Structure formats: structure tokens, C-alpha cells
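# Observations on the model geometry
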Amino acid sequence: MTGTRIAALGHYQPAKVLTNHDLAALVDTSDEWISSRVGIRTRHVAGPDEPVDELAAHAGAKALAAAGLTPADVDLVLVATSTATDRSPNTAARVAARLSMGSPAVMDLNVVCAGFTHALATADHAVRAGSASRVLVIGADKMTAVTDWADRSTCVLVGDGAGAAVVVATGAAEEPGIGPVLWGSVPEMGHAVRIEGTPPRFAQEGQSVYRWATTQLPPIARKVCEKAGVTPEELAAVVLHQANLRIIEPVAQKIGAVNAVIARDVVESGNTSAASIPMALSKLVERREVESGAPVLLFGFGGNLSYAGQVIRCP
């Protein structure tokens, strides 16, 4: 068995930006109401001619270029998404076609907001087991396509985008760059976050999710650090699912990562579900806010009341 690491990252967001003031013209809300309750100021919105696989392919291409790899070098594509319109071909297959890949294995994972960290763990396991050598892992969602724009409790939250990571094996002398995953769910509370119906619509029980996230998740996140052999004080950055600033800040504080940069991409991007963690991490790296090799906690949570986290070494 060998270890793995993230070789490079990439992200992509649609050009159209929707501000809180724009939303105030659609529903009974205001910039002050949205900012004070969820911390979001803007979000990016994909058009009807921008499907999830297109967002994913843009992010994937950027990650591959940053890693110095070609699409043909990839032997496994994993896409975490819960908003793809079609069942088959799956999103991963469409990404592979868009990028003119060779013959990679292609899989979608639907674990909603915890999708990327589940997919990253799956990539780590595949490489360690010898069934893959270079994996393109993407979180991509078009949440605006499953949103009721007359419902101010949900339409103010969402945005669209994609983030990607290239996972490769570590060398014989290298320390593993992706730590062990800690994952799980609360199936009896799966109804608290939903994308269901015909047409599918996003809905949630906001107070239930807030209480669960702020009380139950911090000790689980600390266990993620323990499994990786680092203390919360040693973390250089914390990248939580970008659901709501009123969740991110108290959870980060309760984890005890007192020296860490806390990702707050939710302010400009909204809740992008599976895309939120890789997008936020990619932006931190792009802005050089975290040193290469520094420990970073990734922790996804949300739909199904699922969660998954790992400590990675910053690429």
C-alpha cells in the first residue's frame, strides 16, 4: 500500500452573479436580512445552457493543468453531485467526454453537501488499493436548478459552481498527504435536508440542521484530527462545507483550530453543496493563504445528515 496526496486544485463558477439586492427584487427579503442570518452577499448562477457536467469539466481541466497532467493521464473520474439532470450517461462520463479522456472508470457519488469529502476518501482508497493511479475528483452542483425562487428561506442560500482535485500516489519517501477519513450519517434525520419531488426542489429544516451542526459536529471533527495525528491547534486551515456563516464560525471555534485560516467562501459563493469545499480550498491555495504541506481540515456535512472529513496536506 502507498499513500496519496492532492497534486493540484481547480475551481470554476458561472459568470452571472446574483446579489442580495437582486434577490430583494424577487422575494420579500433584503441584504440586511440575508447577511445577518446566513452571511451570504453574492452567489453565482448558471444559465439553462450550463449543465452540471460543464461546470465540472471546467474545474477539472484547471486542476489537471495545475498538476501538469493531461486528461489521458487520468484512470478514474469521481464526481460528487446531487443536481445532475440525467441518470445516464452519468456526470463523470460526460466530464470524461468533454475532456477527451482515454478510458477512465467513471463514477458519480451523491452524498449531497458531504459529497466531495466522500469522493476524496474513495479516491484515496482506490489509489492505496492499486485500482487507480491518478484520480480526478470533482464536486459540482447547480443548486439554482432545484430551488424554489418564491421560497425566501432557501433561495437566498444557494449558488452554482465546481471544484476539483487531482489525487496521486505519494513517493516512497513522502508522507501521505490525505489522512484517514471519518464518515457517517444520522439516517433517522435524513428528512432535515432534501432534494426531492417532481420537479425536484431543495428544502430543509433550518433550525434542526443548525442545532445538529453546531452541537454534534465539532467533536466529530476533532476525532478527524486525532485520526490524522494532528491537534486542532496545529491546523493551518479549516475548510468546512460552506452552508451558512452562522454555522461555519461557531463550529470552527468549537473545534479549537485557534491558529487556522477559516474558509468563508460562502459569503461570495453561497451554498454550492458538493462544490463548496473544493472551491473554497482552491481559492485559499490560489491566494496563497496556506503554505504548501501545511495541515488542512476538510469537513463536509449536510444532506442525509451525512458527514465526512479528513486532514490533508495543502498542495
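Overview of the structure. Predicted, not measured: the structure shown is a model, and the values here were computed from it.

With that settled, consider the sheet that holds strand S14 (residues 306-313). Within the open sheet, the five strands sit side by side as S8-S14-S13-S11-S12. Their pairing is mixed. Of all strands in the sheet, those bounded by a partner on one side alone are strand S8 (182-185) and strand S12 (261-262). As paired strands, strand S11 (residues 237-240) and strand S13 (residues 295-302) are joined by four bridges and run parallel to one another. Bridge assignment links Val 239 to a residue of S13, and that residue is Leu 298. Sitting on the sheet, helix H7 (residues 206-228) touches S8, S13 and S14, and the angle it makes with S13 is about 140°. Those strands touched by helix H8 (residues 245-255) are S11, S12 and S13, and its axis lies near 135° from that of S11.

Once that is clear, we can look at the sheet that holds strand S5 (residues 105-109). Backbone-to-backbone hydrogen bonds join strands into a sheet, with any given pair of strands oriented parallel or antiparallel. Across the sheet, which stays open at both edges, the five strands sit in the order S1-S7-S6-S4-S5 with mixed pairing between neighbours. Of all strands in the sheet, those bounded by a partner on one side alone are strand S1 (4-12) and S5. On average, each strand axis in the sheet is inclined to that of its neighbour by 20°, with strand direction left out of account. Summarising the sheet, strand S4 (residues 76-80) and S5 pair through five bridges and their orientation is parallel. From the neighbouring strand, Ala 80 faces S5, where its bridge partner is Leu 109. Sheet strands touched by helix H5 (residues 115-129): S1, S4, S5, strand S6 (134-142) and strand S7 (160-169). Its angle to S6, the strand with the most contacts, is close to 165°.

Now for H8. Those residues of H8 not exposed but buried are Leu 245, Ile 247, Ile 248, Pro 250, Val 251, Ala 252 and Ile 255. Elements in contact with the buried residues of H8: helix H2 (31-38), H7, S11, S12, helix H9 (266-269) and S13. Of the residues that open H8, the one with a side-chain oxygen 2.7 Å from the backbone nitrogen of Arg 246 is Asn 244. Gly 256 sits one or two positions beyond H8 and adopts a positive phi of about 95°.

All told, the structure shown has three aromatic pairs when counted by the stated rule. An angle of 40° between the planes, with centres 6.3 Å apart, marks the rings of Phe 299 and Phe 301 as tilted. You can call Phe 301 buried: its relative accessible area is 2%. Seen in terms of ring centroids, Phe 299 and Tyr 307 are 6.5 Å apart; in terms of plane orientation they differ by 20°. Their pairing is stacked. A relative accessible area of 0% places Phe 299 in the buried class. If you follow Arg 246 out to its NZ or CZ, it ends over the ring of Tyr 210, 5.1 Å from the centre.

Our focus in this paragraph is the pairing of S7. Burial analysis of S7 places nine of its ten residues in the buried class, the great majority of the element. The pairing of S6 with S7 spans nine bridges and is antiparallel. Residue Leu 136 lies in a different strand from S7, and its bridge partner there is Val 166.

Parameters and conventions
Residues numbered from 1 in each chain as written. Predicted model: local features only at pLDDT ≥ 70, side-chain atom pairs only at ≥ 80, totals over all residues. Heavy atoms only, no water. Pairing = 2+ DSSP bridges. Helix = DSSP H or I, 4+ residues; strand = E, 2+ residues; numbered from the N terminus. Contact = heavy atoms within 4.5 Å. Axes fitted to C-alpha atoms, helices over the stretch in contact; angles between N-to-C directions. Buried < 20%, exposed > 50% of the residue type's maximum accessible area, 1.4 Å probe, protein only. Polar contact = N/O pair within 3.5 Å; in protein donor to acceptor, adjacent residues only side chain to side chain. Phe/Tyr/Trp six-rings, centres within 6.5 Å; stacked < 30°, edge-to-face > 60°. Lys NZ or Arg CZ within 6 Å of the ring centre and 35° of its normal.

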